Amino acid sequence: MKILSVNAGSSSLKFQVYEMPEEEVLISGVFERIGIGNSFYTIKINGEKIKKEINLDNHEQAFKILVDELIENKIVNDLNEIAGVGHRIVQGGESFNKSVVIDDDVIAKIKEYTPLAPLHNPAGISGILASKNVIPNAIQVAVFDTAFHTTMEEENYLYALPKSFYKDYGIRKYGYHGTSHKYVSMRMNEILGRDDTKLITCHIGNGGSISAVKNGKCIDTSMGLTPNAGLIMGSRSGDIDATIVLYLEKQGLSADEIDDILNKKSGLLGISGVSSDSRDIEDGIKENNKDCILAQKMYVKKIVEYIAKYYVELGGCDAIVFTAGVGENSTSTRKDVIDSLAVLGIKIDDERNNVRGKEAKISSDDSSVLCYVIPTDEEVMIARDTYSFI
Ligand code: AMP
């Protein structure tokens, strides 16, 4: 059975087609620059990558081309062979603690949460509507980034603001990257051979978040009302004194300017002045660039702070998992983080750590906590959840 897994951004559409339940990827690709000119798409099939330039005004056009490509490449003979389409939706608020089949009420709810994810939720809706029009007979399923975190207790998701703000404005910690945290924690439990585990999952990419996962359930996570909380990220500040925002406003900066600074000009980029990409920071460190050295120190320190906090919150830990772009690939960031945890008896094995983008144990045999790299796979989680409804 064929399942299409999609992730619609404001100007992009990533997709994979799976043969289920085997979880075999038959074709994958991405449409880019939708609606902003110079659009193109790339497709990966049988180990080959094809790029085509084409005018794409909206997501529906991208879906139509996607379907043509599926037929042309003999992935399907007929559209009806696509039994389900799974959509990644960033913000599902408190309404969705798991994936759901999409109907008009679900679309209305996703719309309702737009103020909390102003770029992502409208893109998700565009993807859903386009998919419903182009592949009308497939079951459409929404998979939420926030769902995995809905198991947090009140004491962990509330902010110490007047409690009415939670009721009146929905201000609470929602958490993000949930599909990734769920995937790697499930995989880690498989490796451990049991479910009654205490895990710290570190999704460290351009955006980054850390979760504390007990017995397969999220008990705490570092992102908050929005993704700009917790860790220092590529260009996001993460945790700062909230009053800085007011201070800047009083200096004459507008809300939009402050928003832009906190999300696009801070983090590794803001401190280093060089780049938001950890590869560039690593290059800068090799050239003895002082601001890159400082940025990396602060970046690592924040990751360590969250791991230590969750170690205590969980009452110990069976395994720490590293995933996403930096977590899977940056040997030096992993080493800096694990070396900083020495006081807890956590130790790295430098030879094992010399791995990129592959599942591997990286802790030494005498480490008090197992450390693993587990490449994330949000797409397969979307396909699994979609398949489960058929
Ligand atoms: P993601 O958001 O998960 O796609 O991660 C993207 C980020 O991963 C990039 O911005 C880089 O900072 C980082 N990254 C990717 N490859 C490497 C690498 N080989 N070494 C260090 N960092 C990497």
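Anything mentioned here points back to the structure above.
Residues numbered from 1 in each chain as written. Predicted model: local features only at pLDDT ≥ 70, side-chain atom pairs only at ≥ 80, totals over all residues. Heavy atoms only, no water.

## Observations concerning helix α10 (residues 278-286)
Stage number 1. Turning to α10, its buried residues are Ser278, Ile281 and Gly284. Buried residues of α10, seen end-on, are gathered within an arc of 110 degrees and therefore sit on one face of the element. Of the residues in α10, the exposed ones pointing more than 90 degrees away from the buried face are Arg279 and Lys286.
Stage number 2. Looking at the buried positions of α10, the neighbouring elements they touch are α9 (267-272), α11 (290-314) and α12 (324-329).
Stage number 3. Taken from the residues just after α10, Asn288 is the one with a positive phi, measuring 65 degrees. (Buried < 20%, exposed > 50% of the residue type's maximum accessible area, 1.4 Å probe, protein only. Helix = DSSP H or I, 4+ residues; strand = E, 2+ residues; numbered from the N terminus. Arc of directions from axis to C-beta. Contact = heavy atoms within 4.5 Å.)

## Details of the sheet that holds strand β5 (residues 48-53)
Stage number 1. The strand order across the open sheet formed by 8 strands is β5-β4-β3-β2-β1-β6-β8-β7, and the pairing between neighbours is mixed. At either margin of the open sheet sits one strand with a lone partner, and together these are β5 and β7 (100-101).
Stage number 2. Across the face of the sheet, helix α3 (residues 120-134) comes into contact with β1 (2-8), β6 (82-89) and β8 (139-144) while running at roughly 170 degrees to β6. (Pairing = 2+ DSSP bridges. Axes fitted to C-alpha atoms, helices over the stretch in contact; angles between N-to-C directions.)

## Describing unusual backbone geometry
Stage number 1. The residue after Met20, namely Pro21, is reached through a cis peptide bond having omega 10 degrees.
Stage number 2. Structurally, Pro21 is set in the loop between β2 (13-19) and β3 (24-32).
Stage number 3. Although it is not a glycine, Asn38 sits at a positive phi angle of roughly 55 degrees.
Stage number 4. Mapping Asn38 onto the fold places it in the loop between β3 and β4 (40-45).
Stage number 5. You can call Asn38 exposed: its relative accessible area is 66%.
Stage number 6. Even without being a glycine, Asn46 presents a positive backbone phi close to 50 degrees.
Stage number 7. Position of Asn46 relative to the elements: it lies in the loop between β4 and β5.

## A short note on the site of the ligand
Stage number 1. Close to the ligand lie Gly205, Asn206, Asp277, Ser278, Arg279, Glu282, Ala324, Gly325, Val326, Asn329 and Ser330.
Stage number 2. Interatomic distance of 3.3 Å between a side-chain N/O atom of Asp277 and an oxygen atom of the ligand.
Stage number 3. Residue Gly325 places a main-chain N or O atom 2.9 Å away from an oxygen atom belonging to the ligand.
Stage number 4. Calculation on the ligand without its partners gives an accessible area of 500 Å², and the protein chains cover 70% of this total.
Stage number 5. Ranked by the residues each element gives to the shell around the ligand, the list is headed by α12, at 4 residues.
Stage number 6. Tallied by class, the residues present in the shell around the ligand amount to 2 nonpolar, 6 polar and 3 charged. (Near = heavy atom within 4 Å. Polar contact = N/O pair within 3.5 Å; in protein donor to acceptor, adjacent residues only side chain to side chain. Areas by Shrake-Rupley, 256 points an atom, 1.4 Å probe, with all protein chains shown as cover. Nonpolar A, V, L, I, M, F, W, Y, C, P; charged D, E, K, R; others polar.)

## Side note on the environment of Asp105
Stage number 1. Here Asp105 shows up in helix α2 (residues 104-112).
Stage number 2. Expressed as a C-alpha distance, the spacing of Asp105 and Ile43, which sit 62 residues apart in the sequence, is 33 Å.

Don't take any of this as a statement about function, it's just geometry.
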